[in-house]
Amino acid sequence: MCGIVGYVGDDSAKEVILTGLQALEYRGYDSAGIALSKNGKLLIRKESGELKNLVKRTQAKDFEAHIGIGHTRWATHGSPTRENAHPHVSQDGRIAIVHNGIIENYQELRQWLTKEHNIEFKSVTDSEAIAHLVSIYYKGDLLEAVMTATEKLSGAYAIGVIACDNPDEIVAARMDAPLITGIGENGNYLASDSPALLKYTRDIYVIENGEYVVITKDNIRIMDKDGTRIRRQSTHVDLDAAAAEKGGHPHFMIKEIYEQPEKVKEALKIRLDKHNNVKLEGIHFTKAQLEGFDRVYIVACGTAYHAGLIGKYAIEKYAKIPVEVDVASEFRYRDPFVDDKTLVICISQSGETSDTLEALREAKKRGGRILSLVNVVGSSVARESDDVLYTWAGLEIAVASTKAYTTQLICLYLVALYMGKVKGSIDTEHYRTVIDELLLIPEKLETVIRSERRIRELAEDVYKKEQIFFIGRGVDVATSLEGSLKLKEISYINSFAIAAGELKHGTIALIRRGTLFLALATQDKVYEKMISNIEEIKARKAFVVTISKDSRKSIEKVADRTLYIPDCIDDLTPILAVVPLQLFSYHIAKLRGKEIDKPRNLAKSVTVE
Ligand code: M6R
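## As for the packing of aromatic side chains
One pass over the structure, following the stated rule, counts seven aromatic pairs. Seen from their ring centres, Y7 and Y189 are 5.0 Å apart, and the 40° between their planes marks the pair as tilted. You can see Y7 sitting in strand β1 (residues 3-9) and its partner Y189 sitting in strand β10 (residues 187-191), a full 182 residues away along the chain. Among the aromatic residues, ring-to-ring pairing joins Y7, Y189 and Y200 into one connected group. Over the ring of Y527 we find R552, and its NZ or CZ is 3.8 Å from the ring centre. Its end group placed over the ring of Y564, K553 keeps NZ or CZ at 4.3 Å from the ring centre.

Printed below as a string of structure tokens:
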């Protein structure tokens, strides 16, 4: 999604902004631009396509200044052209703005600006209206102009503004889109995300909804909507700068797949006390509270939603509370049964996904208690929840989520075990077995990763297929959905996941000689049923690759190719079984020559509805 970077200080604003935008590249964009303010003029450069196009266009020595704003745009209103790229400049050429989010009333604003102020729009974006609005209200006080302009906006925004006759200030405003400021030695910074500033500073202020900021070289002033100054503690960002590098790997995705054993180990270790009982930092539910919940909703999008599907199995099994899992974009519009007896679990890697955030707000409005599983510390979902459990996967850069998913699974199992223990709904022996097995997972993940060669060879044999099906039963359905999503998002192969038992109700009609199936058969409980489903598709000449537990070698009798995961209890196989699917997708995409870390049309964090 769009990224914002701004700087005012002694250093080159161009360098700071380009470095920041490069650090945000992983979030996805399709055009970029910079505005600098120098000698009473605005200098603007914008380019569509990759950031290197913009870098080329900003090389000139005279394109230098000490104050500026920059933006990477992920197109929503209007195609990714130079005209639609930010910064947008007001008609009088005095104001430049960058904007993340969506202005919902932009049509009305355009009409009003055109009719009443003779504005001729240069782009088809919703954002350009902001530049004209600020300029209409600008009478020498930029903050006042931005405050008045934002009163007219409805929708979501994080905005950075500069004026050509004010070379000392960047003014910014936030409503429902992430925004931070960075505290530096040689100046101060503005950004949509902290990775943009890692090279320069780790001390930041998180800007909240409805707040305004004036950033100068020596000062950062945060104000509420009435202009009253807000004093805030700065936050120290504890991100490892090396996390933003590939560390010798060709892609972030493979680096992040390899990191899973370690990240899963960390996510577990900090939640187990010396007796290996689950303790969830800062989260306490009493038995009465848990018994008071008559249902749990899990709300999330994409990969996080697939983690939720597995969470449902664990919570229902250990905590004995009915769970409904909902796609966040649907949840908020379907009048869900949420009240003070509902626990709502929101899952989000970025913590900024608009659909998830809005679902959270809807659930909160209805009285639900919100527990979030989030990776990015201090993100909006984390801040607006009653309780937060961080997944501690570290910075995830590849658009295709891998380590965030497996750490989400770990947290869901721990939440389910914790709830079960407090409620007394899981017996001690079962509780112990699951924890003992969880502790073995990091080592077993290493084993799966070591089988990469076999997975790569399989990918070499099938990468030209144009359609791939994933099937499974029980938790393997959720793993199939995740495997299928991973494959389609980075390889652009049309893939489809379905419960194996559901095939015969329609989808089986698609099978022809050689149709490729990835059949997950990790569940002992339904193993024989799965074998029957595999026989059914084999009878129709499909090519079947199976994923099963090591000890299930008998599967070789029905499968064309086999991949194995180490033996483990049925409940926990999703953490292991997803890894061959991640590696399979990665190698297929690589063999097809695709942009693995930044697939087309996708963004790392989806901050629009
Ligand atoms: O940041 P979030 O976890 O809220 O993101 C949700 C989805 O957009 C995300 O999981 C997406 O599906 C990934 N690209 C999948 O790999």
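## What to know about the pairing of strand β24 (residues 543-549)
In terms of burial, β24 is largely enclosed, as six of its seven residues are buried. Pairing geometry for strand β23 (residues 516-521) and β24, over six bridges, is parallel. Considered in β24, the bridge of L520 is made with I547. Taken together, β23, helix α17 (residues 527-539) and β24 form a β-α-β motif whose crossover is right-handed.

## Focus: the layout of surface pockets
Within this model, the largest pocket holds a volume of roughly 830 Å³. Every residue lining the largest pocket is counted, 41 residues in all, and those nearest its centre are S194, V237, L239, V376 and V377. For the lining of the largest pocket, the secondary-structure elements that each account for two or more residues are β11 (203-206), β15 (235-236) and α7 (260-269). Both of domain 1 (3-239) and domain 2 (244-448) provide at least three residues apiece to the lining of the largest pocket. Approximately 580 Å³ is the volume attributed to the second largest pocket. Considering the residues around the second largest pocket, the lining is formed by 31 residues, among which C301, G302, T303, K604 and V606 are closest to the centre.

## Considering the site of the ligand
Close to the ligand lie 14 residues; S348, Q349, S350, T353 and E489 are nearest. Here an oxygen atom of the ligand and a side-chain polar atom of K486 are 2.9 Å apart. For the ligand, the cavity whose grid points lie within 2 Å of the majority of its atoms is the second largest pocket. Secondary structure elements with two or more residues in the shell around the ligand: α9 (302-319) and α16 (475-491). Taken together, the residues of the shell around the ligand sort by class into five nonpolar, seven polar and two charged.

## Here's the deal with the domain arrangement of the protein
Each domain of the protein was delimited in the assignment, giving domain 1 (3-239), domain 2 (244-448) and domain 3 (451-591). For domain 2 and domain 3, the distance between their C-alpha centroids amounts to 25 Å. Listed per partner, the contact involves 34 residues of domain 2 and 29 residues of domain 3. Taken together, the two surfaces of domain 2 and domain 3 that pack against each other cover about 2,700 Å², and 70% of this comes from carbon and sulfur. The interface formed by domain 2 and domain 3 includes one salt bridge. Its salt-bridge partner being D571, residue K317 comes within 2.7 Å of it at the nearest N-O pair. Across the contact surface, domain 2 and domain 3 share 14 residue pairs in polar contact (both at pLDDT 80 or more). Sorting the residues of the side of domain 2 that touches domain 3 by element identifies α6 (252-258), α9, α13 (403-423) and α14 (428-450) as the ones contributing at least two each.

## Structural notes on the nonpolar core
By size, the foremost hydrophobic cluster in this structure holds 94 residues, and its most contacted members are I345, M419, L438 and F584. For this core, the leading source of residues is α13, giving 12 residues. Both domains that meet at this core, namely domain 2 (244-448) and domain 3 (451-591), each give it at least three residues. Contacts of F584, omitting those with residues within four sequence positions, involve I455, L458, A459, V462, I468, L487, L516 and L518. Judged by nonpolar contacts, the second largest core, of 31 residues, contains L143, V146, Y212 and V214.

## Things to note about the pairing of strand β18 (residues 342-348)
The buried fraction of β18 is high, at seven of seven residues. Taking every second residue as pointing to the same face, both faces of β18 are buried, with T342, V344, C346 and S348 on one and L343, I345 and I347 on the other. Alignment of strand β16 (residues 295-300) against β18, held across five bridges, turns out to be parallel. Paired with Y297 across the two strands is V344, which belongs to β18. Bridging between β18 and strand β19 (residues 369-374) involves six bridges; their strand directions are parallel. Bridging across to β19, L343 finds its partner in R369. For the crossover from β18 across helix α11 (residues 354-365) to β19, the handedness is right-handed.

## With respect to the side chain of Q408
Relative to the elements of secondary structure, Q408 occurs in helix α13. The residues contacting Q408, other than those within four sequence positions of it, are T303, A304, A307, I347, S348, Q349, L373 and T391.

## Considering the pattern of salt bridges
Tallying each qualifying case throughout the model produces 40 salt bridges. The salt bridge involving E25 is made with K598; its shortest N-O contact spans 3.6 Å. Of the two residues, E25 is situated in the loop between α1 (13-24) and β2 (31-38) and K598 in the segment after α18 (573-591); the sequence distance between them amounts to 573 residues. Given the relative accessible area of 28%, K598 is considered partly exposed. Linking R366 and E362 is a salt bridge whose minimum nitrogen-to-oxygen distance equals 2.8 Å. Assessed through its relative accessible area of 27%, R366 is described here as partly exposed. Taking relative accessible area as the criterion, E362 reaches 15% and is therefore assigned buried. Residues participating in the shared-partner salt-bridge network are D176, R332, E358, R361 and E384.

Scoring rules and cut-offs
Within each chain, residue numbers correspond to sequence positions counted from 1 in written order. In keeping with the model being predicted, local features are shown solely for residues with a pLDDT of at least 70 and side-chain atom pairs are shown and tallied solely at 80 or more, while totals for entire chains, interfaces and linings include all residues. Side-chain figures throughout are based on the complete set of non-hydrogen atoms in the structure, without hydrogens or water. Only rings of Phe, Tyr and Trp enter the pairing, Trp through its six-membered ring, and a pair is recorded when the two centres are within 6.5 Å. The plane angle decides the type: under 30 degrees is stacked, over 60 is edge-to-face, the rest tilted. Numbering goes from the N terminus for both helices and strands, where a helix is a DSSP run of H or I of at least four residues and a strand is a run of E of at least two. By definition here, charges over rings are those cases where NZ of Lys or CZ of Arg is within 6 Å of the ring centre and within 35 degrees of the ring normal. To sort residues, take the accessible area from a 1.4 Å probe on protein chains only and compare it with the maximum for the residue type: under 20% means buried, over 50% means exposed, and anything in between is partly exposed. Criterion used throughout: strands pair if DSSP finds at least two bridges between them. By convention a crossover is right-handed if, when the strands point away from the viewer, the path from the first strand over the helix to the second runs clockwise. Cavities and pockets were defined on a 1 Å grid built over protein atoms only: a cavity is a set of grid points that admits a 1.4 Å probe from which the probe cannot escape, a pocket is an open set flanked by protein on both sides within 12 Å along at least five of seven lines, and lining residues are those with an atom within 4 Å of any such point. Grid points are joined across faces, edges and corners, and a volume is the space filled by probe spheres set on the points. An automatic or database domain assignment supplies the residue ranges for each domain. Nearness is judged by heavy atoms alone; a residue qualifies as near a molecule or strand once a single heavy atom is within 4 Å of it. The term polar contact refers here to a pair of N or O atoms within 3.5 Å; inside protein, the definition further demands a hydrogen-donor-capable atom paired with an acceptor-capable atom, and it admits residues adjacent in sequence only when both atoms are side-chain atoms. Cavities and pockets are treated as containing a molecule whenever more than half of the molecule's atoms lie within 2 Å of their grid points. Residues are sorted three ways: Asp, Glu, Lys and Arg are charged, Ala, Val, Leu, Ile, Met, Phe, Trp, Tyr, Cys and Pro are nonpolar, and all the rest, Gly among them, are polar. Residue contacts are counted whenever heavy atoms from the two residues lie within 4.5 Å of one another. As a working definition, buried area equals the accessible area (1.4 Å probe) given up by two parts on being put together, with both sides summed. Between Lys or Arg on one side and Asp or Glu on the other, a salt bridge is scored when a side-chain nitrogen of the former is within 4 Å of a carboxyl oxygen of the latter. By nonpolar core we mean a set of buried residues, namely Ala, Val, Leu, Ile, Met, Phe, Trp, Tyr and Cys, connected to one another through side-chain atoms within 4.5 Å.

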